[in-house]
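Residue-level listing of the chains:
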Amino acid sequence: MTLLTVRRDGEIAVVTLDNPPVNAISEAVRKGLYDLAERLDADPEVRAVVLICAGRTFLAGADVREFGKPPVEPHLPDVVDRIEAAETPWVAAIHGAALGGGFEIAMGCRFRVAVDSARVGLPEVTLGVIPGASGTVRTPRLAGIEAAVDLVTSGKPLPAAKAQKAGLIDAVVSGDLEREAVAFARAALDADMPLPVSKRPLAPMPEDFWQAARKAASKAGHQAPLRALDSLRFATEHGFADAMAHERETFLDLRGSDEAAALRHVFFAERAAPKPAALKGIEPRPFKTVGVIGGGTMGAGIAGACREAGMEILLIERDAEAVSRGLANVGKIFDGAVKRGRLTEEGRAERMAGVRGSTDYAELSQADLVIEAVFEEIGVKRAVFAELGRVCRADAVLATNTSYLDPCAIAEGLPNPSRFIGLHFFSPAHIMKLLEIVPTPDTAPDVLATGFALGRALNKMPVQAGICEGFIGNRILKRYRAEAEALVMQGVAISEIDAAMRDYGFRMGPFEAQDLGGLDIAFLQREGARAAGQEVPETLGDILVRAGRKGQKTGGGWYDYAEGARTPLPSAAVTELLVERISGTRDLPRAEIAERLVGAMAEEGQAILDERIAQAPQDIDLVEVHGYGFPRWKGGPMFATGAS
Ligand code: T1G
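About the thresholds
Residues numbered from 1 in each chain as written. Predicted model: local features only at pLDDT ≥ 70, side-chain atom pairs only at ≥ 80, totals over all residues. Heavy atoms only, no water. Pairing = 2+ DSSP bridges. Helix = DSSP H or I, 4+ residues; strand = E, 2+ residues; numbered from the N terminus. Axes fitted to C-alpha atoms, helices over the stretch in contact; angles between N-to-C directions. Core = buried A, V, L, I, M, F, W, Y, C linked by side-chain atoms within 4.5 Å. Buried < 20%, exposed > 50% of the residue type's maximum accessible area, 1.4 Å probe, protein only. Contact = heavy atoms within 4.5 Å. Salt bridge = Lys/Arg side-chain N within 4 Å of Asp/Glu carboxyl O. Near = heavy atom within 4 Å. Polar contact = N/O pair within 3.5 Å; in protein donor to acceptor, adjacent residues only side chain to side chain. Areas by Shrake-Rupley, 256 points an atom, 1.4 Å probe, with all protein chains shown as cover. Expected span 1.5 Å × (residues − 1). Right-handed = clockwise from strand over helix to strand, strands pointing away.

Engineer: Sorry if this is basic, but what is going on with the sheet that holds strand β4 (residues 90-94) here?
Structural biologist: Within a sheet, adjacent strands bond to each other through the backbone by hydrogen bonds, running parallel or antiparallel. Taken in spatial order, the 6 strands line up as β1-β2-β3-β4-β6-β9 in an open sheet, and their pairing is mixed. Every other strand in the sheet has two partners, leaving β1 (4-9) and β9 (171-173) as the edge strands with one partner each. On average, each strand axis in the sheet is tilted by 25° relative to the strand beside it, whichever way the strands run.

Shown next as structure tokens:
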């Protein structure tokens, strides 16, 4: 496989890059492109160059694996400048995604053409850096400062049509991209040649523009978007060369930051998790027809997610009224997509046409996969699986969505227990990415592979978890909350603990979050365990629930709430209720509070690893980032404490 090949189409040279899997820009790619720009420029027969990529995508950006190493010449900005300076104009022919350095190379070209399905973007801030090869300096010259600020500080790519409207690409072509790009290049030679991007004008913006942009960029919660904004502003107030130097300095500064290291850690962990090495070569079972038992919030969310992924759904409920309620719940999910403009009415109708409801389990006789999402009580779940064991195909995969019960206990007595597995979705199941996959000792490898294949099909983050109370995520949550309550008992203010975790990067602290979700859920779990004879010490949360303080839904939990408001107010009633359990008052720096609570999460994570409940520390980080709001730019509790 040759990295770069050149084919002549008359006076047009077609350069094809082939660097699987995503044409990442490695050191060899930078050198090859630089040398080619020199060589083709010196060839009098070549009047224009088309740059195209083999495989699934245009250049997807700098090779993230090289970030940890010292930069080696030729640096990417120099490659982009060399292409731009070529006498023979270059045309970028884009399919798949032109991202980061890939789009910066495209901006060094004189023209950019793309197929309709292509996307262009500058996702660097999602990796904790900023564009390092003119993204904050050329983009505003190409598309104007407003579009550049959106593209660079959000890190979100634009589809080709929108990119064309923004001025980022010159033409959207259908048919054969290479042929269209060559024709475009040939035609361009006979028209007025536009200025190279770096030579296009760029005017400063008024202060209020930058204030508004800064406010929006700060919502991301970490520094890279703000540094990118500074670089964009600098570019509007200085010459090209100075702006390039400023951008490069910022990029190199951020590249070595903890935030960038954490985001790269999550980036690679997210790509490894859905494809466990242990399942390589194991064929998953098909799951075209899916039964969902239970049409409540979880069941409807699971049904909606599976339908969105193209599966045929049969929703089973106990009576006709519950069936129609369940179908309405699924319909509401697609209504939401229509309201947000992500689905047309026809699309909604097509989705719902693939969702049937019934009270008759016998209709599941041909289902490939059945997922149970009924009330979290062992007797109810066992009855469901007894029925499924009777009516379903022997090879149908049967899954429980339990979050706290032992999947082995649920599967007791089930014929062919090798086809049983736990699939722990997080509510709302059609939105939350985390999916804990919980095999029992009897689960067959191809059934485990089916769980991961389903996770990929649903575009979720599948993580394997062993069987213990709360699997990975809820077990760590329990420890996190216990540690937070311990701080309260030591006299640290509840509001300070929440503020500390918000400062750390969580959207909400542990107490605000419980008030929002309801204290009674965990309370009932503890009461259930006590009723089953387990020794479960009384928690501060128990005291509040027994006093009727279940959170926002009862007008008060850890905090008071003014009538109809959601702003948490420190509560004298809570202080009174807990007075016996709190010794004195203690001022703890917020950084120390966060370190203590994240440390407790990591400690529990280490125990989970030692017990082989999790396969690797990065899996624990993914559970926390995708299921519990752990700030991704901190990498997860294991990464943040150096354990991963
Ligand atoms: N570098 C190295 N490897 C990469 C990579 C990259 N940029 N992008 C993907 N991979 C690997 C990935 O780890 C996986 O490997 C395989 O390719 C398939 O990835 C100077 C500094 C392009 C949209 O942020 O968004 O340019 O697991 O499963 O779903 O200003 O990959 O198979 O061994 O994601 O088809 C900016 C990141 C870099 C793009 C394809 N670029 N990549 O999605 O495949 S910073 C990015 C993606 C930069 C300049 C700055 C996606 C994709 P393995 P995949 P996919």
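Engineer: Is there a simple way to explain the nonpolar core in this structure?
Structural biologist: Nonpolar side chains in soluble globular proteins tend to be buried together. Counting 83 residues, the largest nonpolar core has Val50, Leu59, Trp90 and Ile94 as the members making the most contacts within it. If we ignore the near neighbours within four places in the chain, the residues touching Trp90 are Leu33, Leu36, Ala37, Leu40, Val49, Leu51, Ile83, Cys109, Arg110 and Phe111. Counting 55 residues, the second-largest nonpolar core is a separate cluster that includes Val266, Phe506, Ile608 and Ala614.

Engineer: Is there a simple way to explain the pattern of salt bridges in this structure?
Structural biologist: Opposite charge on two side chains permits them to pair, given that their charged atoms come into close proximity. Scanning the model with the defined rule gives 52 salt bridges in all. One salt bridge connects Glu38 with Arg82, and the closest N-O pair in it is separated by 2.6 Å. Residue Glu38 is located in helix α1 (residues 27-41), and its partner Arg82 is located in helix α2 (residues 76-84); the two are separated by 44 residues in the primary sequence. With its nearest N and O atoms 2.6 Å apart, the salt bridge here joins Glu321 to Arg325. Separated by 4 residues within a single helix, Glu321 and Arg325 lie in helix α13 (residues 320-339), roughly one turn from each other. On the basis of relative accessible area, Glu321 is assigned to the partly exposed category, the value being 49%. Within the structure, one salt-bridge network assembled from shared partners comprises Arg475, Arg479, Glu483, Arg596, Glu603, Glu604 and Glu611.

Engineer: Sorry, what's going on with the site of the ligand here?
Structural biologist: In the region of the ligand, 28 residues are neighbours, and Arg56, Ala62, Glu104, Glu124 and Arg271 sit closest. At 2.8 Å from an oxygen atom of the ligand is found a main-chain nitrogen or oxygen belonging to Ala62. Separating an oxygen atom of the ligand from a backbone N or O atom of Gly101 is a distance of 2.8 Å. The fraction of the free accessible surface of the ligand (990 Å²) that becomes covered by protein chains is 78%. Breaking the shell around the ligand down by element, the ones donating at least two residues are α3 (101-108) and α11 (258-272). Of all the elements, α11 adds the most residues to the shell around the ligand, at 3 residues.

Engineer: Even after reading the chapter, I still don't get helix α12 (residues 297-308), so can you show me in this structure?
Structural biologist: An α-helix turns once every 3.6 residues. As a result, residues three or four positions apart point the same way. Given a rise of 1.5 Å per residue, 12 residues ought to cover 16 Å, and the 16 Å separating the end C-alpha atoms of α12 matches this to within 8%. The buried fraction of α12 amounts to 10 of the 12 residues, a majority that puts the element mostly inside the structure. Within two residues after α12, Gly310 carries a phi angle of roughly 95°, on the positive side.

Engineer: So what exactly am I meant to see when it comes to the pairing of strand β14 (residues 397-400) here?
Structural biologist: Remark: a regular strand shows side chains that alternate across the two faces of the sheet. Covered by surrounding structure in β14 are Val397 and Ala399 together with Leu398 and Thr400, the residues of both alternating faces. Where strand β13 (residues 369-372) meets β14, 4 bridges bridge the pair, whose relative direction is parallel. Bridging from a neighbouring strand, Val370 pairs with Leu398 of β14. After leaving β13, the chain enters helix α15 (residues 378-391) and then returns to the sheet as β14, a path that is right-handed. Here β14 pairs with strand β15 (residues 420-425) via 3 bridges, running parallel. Of the residues in β15, the one forming a bridge with Leu398 is Phe420.

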